[in-house]
Amino acid sequence: HTIIQNVTSNDLVCRANDGYFTDPNNNRVYYVDAALNTRVVDSGIEFPNGLALSPDQTLLYVADMRGQFAYSFQIQPDGSLAYKQPFFHLHAGFGQKQTSADGMTVDTEGRLYIATDLGVQVCDQPGRVHLIIKKPQDAWLANIVFGGKDRDILYATCADKVFKRRLNAQGLFPAEGPNKPPRPRL
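Throughout what follows, the structure given in this document is the object of discussion.

**Concerning the packing of aromatic side chains**
Then step 1. In the structure shown here, the tally under the stated rule is five aromatic pairs.
Then step 2. On the numbers, 5.2 Å between centres and 55° between planes, the contact of Tyr20 with Tyr31 is tilted. Taken together, the residues Tyr20 in strand β2 (residues 19-23) and Tyr31 in strand β3 (residues 28-32) connect sequence positions 11 residues apart. Each of the two residues, Tyr20 as well as Tyr31, counts as buried.
Then step 3. Aromatic rings pair up to connect Tyr61, Phe87 and Phe88 into one cluster.

Given below as structure tokens:
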């Protein structure tokens with residue numbers, strides 16, 4: 001196994017045999033293969049935090065906690081990342097340039113859900129924020145995930161509590177493999 005020193009891992013996402021994690025303090029995104037070998041695949045985001053896979057697992061999304069974007073990367077066959085772009089332009093509070101973007105998840109329609117200072121920002125496949133679900137309390141909204149029998153309940157950790165909200169959407173678990181979303185509606 002590769003030994004990594006001075007790494008402060010934060011969020012991670014796993015596919016069936018590999019995965020990615022962020023190291024915000026060192027501005028890095030890491031890839032971990034099936035044998036647990038680890039390598040840096042990006043080092044250019046100011047404070048990479050939350051990450052998620054697109055439903056078909058061809059793209060990796062990484063949120064910049066200190067900026068207004070979540071980045072999109074194309075995943076290559078060897079796990080490396082290509083074609084980095086600031087893709088999801090997130091809303092920030094009045095006069096702010098930081099969204100505090102943290103945990104992320106996706107649904108079967110290809111929408112990306114991002115925990116931010118303003119609440120859960122819901123983005124469509126072309127990258128637009130369609131709505132913001134208000135935070136359940138005035139505190140740090142750290143992470144979100146779909147769960148429940150039908151995966152239609154969005155769970156959110158906000159300070160010292162876990163909240164849930166049923167949505168008209170169904171979440172995905174990346175470790176179960178790719179899921180082809182419908183074509184984006186423009």
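Back to the text.
**Remarks on the sheet that holds strand β14 (residues 153-158)**
Two modes of strand pairing occur in sheets, parallel and antiparallel, and in both the strands are linked by backbone hydrogen bonds.
Then step 1. Reading across from one edge, β13-β14-β15 is the order of the three strands in this open sheet, with antiparallel pairing throughout. Strands with a single pairing partner mark the edges of an open sheet, and in this sheet they are β13 (141-147) and β15 (161-166). Here the average twist between neighbouring strands, direction ignored, is 20°.
Then step 2. Sheet analysis places β13 next to β14, joined by six bridges and oriented antiparallel. Its bridge partner lying in β14, Val145 is registered against Tyr155.

**Quick word on the environment of Val129**
Then step 1. Inspection of the secondary structure puts Val129 in strand β12 (residues 129-134).
Then step 2. Between the C-alpha atom of Val129 and that of Ile114, which follows or precedes it by 15 residues, the distance is 9.9 Å.

**Comments concerning the pattern of salt bridges**
Then step 1. Applying the stated rule across the entire model yields nine salt bridges.
Then step 2. Here Asp18 and Arg15 are joined by a salt bridge, their closest N and O atoms 2.6 Å apart.
Then step 3. Of the residues examined, Asp18 reaches a relative accessible area of 14% and is grouped as buried.
Then step 4. Under the relative-accessibility criterion, Arg15 is labelled buried at 17%.
Then step 5. A salt bridge links Asp160 to Lys161, with the nearest nitrogen and oxygen atoms 3.5 Å apart.

**Thoughts on the state of the cysteines**
Then step 1. Tallied over the entire structure, the rule returns zero disulfides.
Then step 2. Just so you know, Cys123 is unpaired, no disulfide at all, and the nearest cysteine sulfur is the one on Cys158, 19 Å from it.

**What about the pairing of strand β8 (residues 81-89)?**
Then step 1. In this structure, strand β7 (residues 69-75) lies alongside β8, joined through six bridges in antiparallel fashion. Note on β8: the bridge partner recorded for Tyr71 is Pro86.

**What about the pairing of strand β4 (residues 38-42)?**
Walk down a regular strand and you will see the side chains alternate between the two sheet faces.
Then step 1. With four bridges connecting them, β3 and β4 associate as antiparallel partners. Counted as the bridge partner of Val32 is Thr38 from β4.
Then step 2. Taking the residues that link successive antiparallel strands as the turn, the β3-β4 hairpin has five residues, and the phi of Leu36 there is positive, at about 70°.

**Quick look at unusual backbone geometry**
Then step 1. Positive phi, close to 55°, is recorded for Asn27, a residue that is not glycine.
Then step 2. Positive phi outside glycine occurs at Leu36, with the angle close to 70°.
Then step 3. Within the secondary structure, Leu36 sits in the loop between β3 and β4.
Then step 4. Judged by its relative accessible area of 48%, Leu36 falls in the partly exposed class.

Conventions used here
Numbering of residues starts from 1 in each chain and follows the order in which that chain's sequence is written. For this predicted model, a pLDDT threshold of at least 70 governs which residues receive local features, and a threshold of 80 or more governs which side-chain atom pairs are given and counted, while totals over whole chains, interfaces and linings are taken from all residues. For side-chain calculations, the full set of non-hydrogen atoms in the structure is used, while hydrogens and water are omitted. Stacked, edge-to-face and tilted are the three classes for Phe, Tyr and Trp ring pairs, Trp counted by its six-membered ring, which pair at centre distances within 6.5 Å; planes under 30 degrees apart are stacked, over 60 edge-to-face, the rest tilted. Only DSSP runs of H or I reaching four residues or more are called helices, and only runs of E reaching two or more are called strands; each is numbered from the N terminus. Only protein chains enter the accessibility calculation, which uses a 1.4 Å probe. A residue is then buried if its area is under 20% of the maximum for its type, exposed if over 50%, and partly exposed in between. A pair of strands is considered paired only if DSSP assigns at least 2 bridges between the two. Here an angle of 0 to 180 degrees is reported between the N-to-C directions of two axes, which are lines fitted to C-alpha atoms, with helices fitted over the stretch in contact. Salt bridges are identified by distance alone: a Lys or Arg side-chain nitrogen within 4 Å of an Asp or Glu carboxyl oxygen. Criterion for a disulfide: a pair of cysteine sulfur atoms within 2.5 Å.

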